[in-house]
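Architecture at a glance
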Amino acid sequence: MEATEKPKRRALTSKVIPDYDHIFDSPETVGDVKSGKKKPKLFRKLLKANAKPLVGSTLIYFIQALPVWIIPLITSNIINIVTDAITSGEITSALWWELGINAGIMILVIAQNVPSTVWRSIVVSKMLRRTSAGMKSAVVRKLQSLMITYHKDMQTGKIQSKFLRDTELVDQMMGVTVNTLLPQIFNVVFAVAISIYRNWVVAIFFLLIIPLNLLLTRIFRKKVGKNYHDFRVKSEDMSSKLTTMLTMMQVTKSHGLEQREISSLENSIEQVAGSGMRVDKTHAFFGASAYVVSNIMSLINLVFCAVMAIMGYIRVGDIVLYQSMYSQINAGVSALINLMHPLSAGFDSLASLSEVMTATDVEINIGKAKVPKINGAITFENVHYKYPNTENYVVKGLSIDVKPGECVAFVGPSGSGKSTIMNLIIGFLIANEGDIKIDGKSIKECNLTEYRHHISVVPQNSILFSGSIRDNITYGLEKYTEEQLNKVVEMANLKEFVDELPNGLDTIIGEHGDKLSGGQKQRVTIARALIRNPKILILDEATSALDNISEFHVQKAISSSIEGRTTFIVAHRLSTIRNADRIVVMDNGVAVETGTFDELMEKRGKFYELKCLNDMNQKTADEALA
C-alpha cells in the first residue's frame, strides 16, 4: 500500500505544487533578511523559479497589447491623410483605399484581443495558483521539519500570521509583477522605441519624465519599506495576542478578567491601525506627488508638440501620436512607481517567511537508517542535555538499560528532568553529550519519522481536535478494522461512557474535546495510542490532572495497555507506579535512586520522602473536598 502511494503523491506534487524550498536555502539568504539587503535576491529567485510562464505571458502580452500601440499610429496616419487631402484639395480613390487599409488593420488588431487575453489569463492564473500553493506548501513542510524546541519558542499566532498574511502578500506581489510590472516595462520600452523611430528630438523630451519619477521613488522608498515592516510586526503581535486570548478564554472568564483582555487586545489593534494609517498616509502623499509631476509634464509635452507642429518639424497628426506615446510612457512609469506599495509589502513578507524557512533547528531524516521494526530495547549512555541558549544541564549523566517489555517509571520534583527524558526518547530532543540507543543503534542514526511509527505517547494534557471520538482515536490511520477499534476502546476503558452517548463513537466532542470530562479525554488519548499497537508506550503524567474517580478509570486503562510493551511512565501520583518493574528517582537532572517500589521504600531515601509528601498532599486535598 505504502509503496504504491508515494509515487502518486510525488507525481501529483510535481504537477500542482512546485518545490520552493530552494528559494530560501542559499547561504546568502540566511541571517540577513532583516537588514533588507537580501529581499530583492529572494524575489529574483522566485521570478527565476517561474521563468517560463513569465516569459510566455509577456510574449502573449505583446500580441494582446497591440491595440495600445497600433491604434495611435493608425489614428495619426488617418489624421495626416485627411489633413493632406484638405490642404491639397484632392480626393482620390487612393485616399479611400488608404483609409480602408488603416481601418481594416485596426479592426483585426482589436478583434485579436479576445483570444489573446483569454490565453494569457490561463497562463498567468496557472502560474499564480502554483506559486501560491508552492509557497504555502514550503512553509508547511518546514514547520513540520522543525524541532519541538523551535515551536516552543515561536508563538503560534506569529506563525499563523506568516502562513496566512505573508504568503498572501507574496501572492499579490507575484500577481502585480506579471500583470503590471512586466507589461508596463514593455509598454514604456515600446512607446519610447516608436517615439525615437518617428522623431528622436521628441523622444529625448519624453525620456525626461523617467528620471523625475525615479527621483520621486527614491525619496519615498525607504520610508514606505520601513512603514510596511512596522505594520507587519505589529500585525503579527496582534495575531499572537488573539491566539493567546482564545486559548485563555476559560481562565479569563472564570477570573472575571474580560475587560483586561479587551483592553490589551484593543491596545494592539490601535497600534496596528496607527501603523496602517502611516502606511496609507505615506502612500497617498507619494501617489499625489507622482500625479502632480506626471500631469504637469503631460501639459508641457502637449505644448511642446504643438510648437513643433507649428514650426513644421512634425505633422499635425503626429501630435496625437506623440501625446498617446507620452501618455503610455507616463502611465507606465507611474504604474511602476505605484508598485512600490505592493512590492514593498511583498519583499517584507518574503523576509518574514525567511525567518521560518531559514531556521536551523531542523530535524533531518534524509539518509538516515530506516526503522521497519523495533524490539523496544532502550539504552541511555551517559546522556547530558541542556536547552538551546541556556547554560545549565537539565539531564546529567543518565545511564539506564531498559529491556524490551519493561515498565520504567520516572519520578521526582518539578524541573528534575523527567519530561525532558521522555522527549529524548521520542527524539524531539537530541542529547548534547552521550547517546540513546534503540535496539543497539544510535537514535542519531535513525530516521526519526519511521522510528516514531513504533511509539505512542499519552501526554499530561489530552490533545484532541474537533470531530468525533472515532476520528480522534484513528487520527492518521489509513486502515483499521472495527475489531481493532473496539478492542482499544475496551482496553482504554472507554466503553462504559461511549455506550451512553447518542451516537457512540461517532459523537462529536467539540473543539479540543471540550464536551468530554478530563478523564474521558485522557482515555480517548490512551485509545489513540493503543490502536497503533506501539512497541514503546510513553505516559507523561497521564493521571496528574484528574480527580480520584477519573484517575481510577484511567489507571485501569493504563494497566491493561502496558502488557508486552516497553513502557515509560512519568508519575505525579506515586501510588500509580507501584507495579512498575523499575522506578528511577530524578533530582536536579540526576538519577539519584533506582529500584522497585518496595525496594525504594525500604531505603527510606529520596523516593520515600517524595512518597510521604505525596500522601500528605493527597490527604489534604481529600479533606478539602470532603
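None of the values given here were measured: they were computed from a predicted structure. (Residues numbered from 1 in each chain as written. Predicted model: local features only at pLDDT ≥ 70, side-chain atom pairs only at ≥ 80, totals over all residues. Heavy atoms only, no water.)

Some details on the overall build of the protein chain
- Regarding its fold elements, the protein chain presents 23 helices and 10 strands.
- Across the protein chain, contacts joining residues at least 24 apart in sequence account for 78% of those joining residues at least 6 apart.
- As displayed, the protein chain has an accessible area near 32,800 Å², and 60% of this comes from carbon and sulfur atoms. (Helix = DSSP H or I, 4+ residues; strand = E, 2+ residues; numbered from the N terminus. Contact = heavy atoms within 4.5 Å. Areas by Shrake-Rupley, 256 points an atom, 1.4 Å probe, with all protein chains shown as cover.)

Considerations on the confidence of the model for the protein chain
- Here the protein chain averages 79 in pLDDT, and 85% of its residues register 70 or above.
- By mean pLDDT, helix 1 (residues 2–16) is the weakest element of the protein chain at 40, and strand 1 (residues 378–385) is the strongest at 94.
- Contacts for the low-pLDDT stretch residues 1–14, under 50 throughout, to residues beyond four places or in other chains number 7 contacts.
- With pLDDT under 50 throughout, residues 27–36 is counted as low confidence; its partners more than four residues away or in other chains account for 15 contacts. (pLDDT = per-residue confidence, 0-100.)

Observations regarding the nonpolar core
- Membership of the largest hydrophobic core comes to 38 residues, with the highest contact counts inside it found for Val411, Ile469, Ile473, Leu494, Ile577, Ile583 and Phe607.
- Broken down by element, the residue count for this core peaks at 5 residues, all from helix 20 (residues 518–530).
- Not counting residues within four places of it along the chain, the set of residues in contact with leucine 494 comprises Ile473, Val489, Gln520, Arg523, Val524 and Ala527.
- With 32 residues, the next largest nonpolar core counts Leu398, Ile425, Ala431 and Ile443 among its residues. (Core = buried A, V, L, I, M, F, W, Y, C linked by side-chain atoms within 4.5 Å. Buried < 20%, exposed > 50% of the residue type's maximum accessible area, 1.4 Å probe, protein only.)

Notes on the environment of valine 188
- Summarising the element assignment, valine 188 is placed in helix 8 (residues 156–198).
- Along the sequence, valine 188 and alanine 331 sit 143 residues apart, while their C-alpha atoms lie 8.5 Å from each other.

Describing the sheet that holds strand 7 (residues 536–540)
- Taken in spatial order, the 6 strands of this open sheet run 6-7-8-3-9-10, and their pairing is mixed. Sheet topology places strand 6 (455–458) and strand 10 (590–595) at the edges, where each strand pairs with a single neighbour. Across the sheet, the mean angle from the axis of one strand to that of its neighbour is 15°, orientation sign disregarded.
- Bridge analysis of strand 3 (residues 407–411) against strand 8 (residues 566–570) gives 4 bridges, and the strand direction is parallel. Residue pairing across strands places phenylalanine 410 opposite valine 570, the latter belonging to strand 8.
- Contacts from helix 15 (residues 418–426) reach strand 3, strand 6, strand 7, strand 8 and strand 9 (582–587) within the one sheet, and its direction differs from that of strand 7 by about 155°.
- The sheet contacts of helix 20 involve strand 6 and strand 7, and relative to strand 6 the element is tilted by about 175°. (Pairing = 2+ DSSP bridges. Axes fitted to C-alpha atoms, helices over the stretch in contact; angles between N-to-C directions.)

Examining helix 20
- Taking 1.5 Å per residue as the helical rise, helix 20 with its 13 residues ought to reach 18 Å, and the 19 Å between its terminal C-alpha atoms agrees with that figure.
- With respect to burial, helix 20 is a largely interior element, 12 of its 13 residues being buried.
- Those residues of helix 20 not exposed but buried are Gly519, Gln520, Lys521, Gln522, Arg523, Val524, Thr525, Ile526, Ala527, Arg528, Ala529 and Leu530. (Expected span 1.5 Å × (residues − 1).)

A word on the pairing of strand 1
- Bridge count for strand 1 against strand 2 (residues 395–402) is 5 bridges, and the pairing is antiparallel. For phenylalanine 380, the partnering residue across the bridge sits in strand 2 and is isoleucine 400.
- Here 5 bridges tie strand 1 to strand 4 (residues 433–438), and the two strands are oriented antiparallel to one another. In the sheet register, phenylalanine 380 faces strand 4, and the bridge partner there is isoleucine 436.

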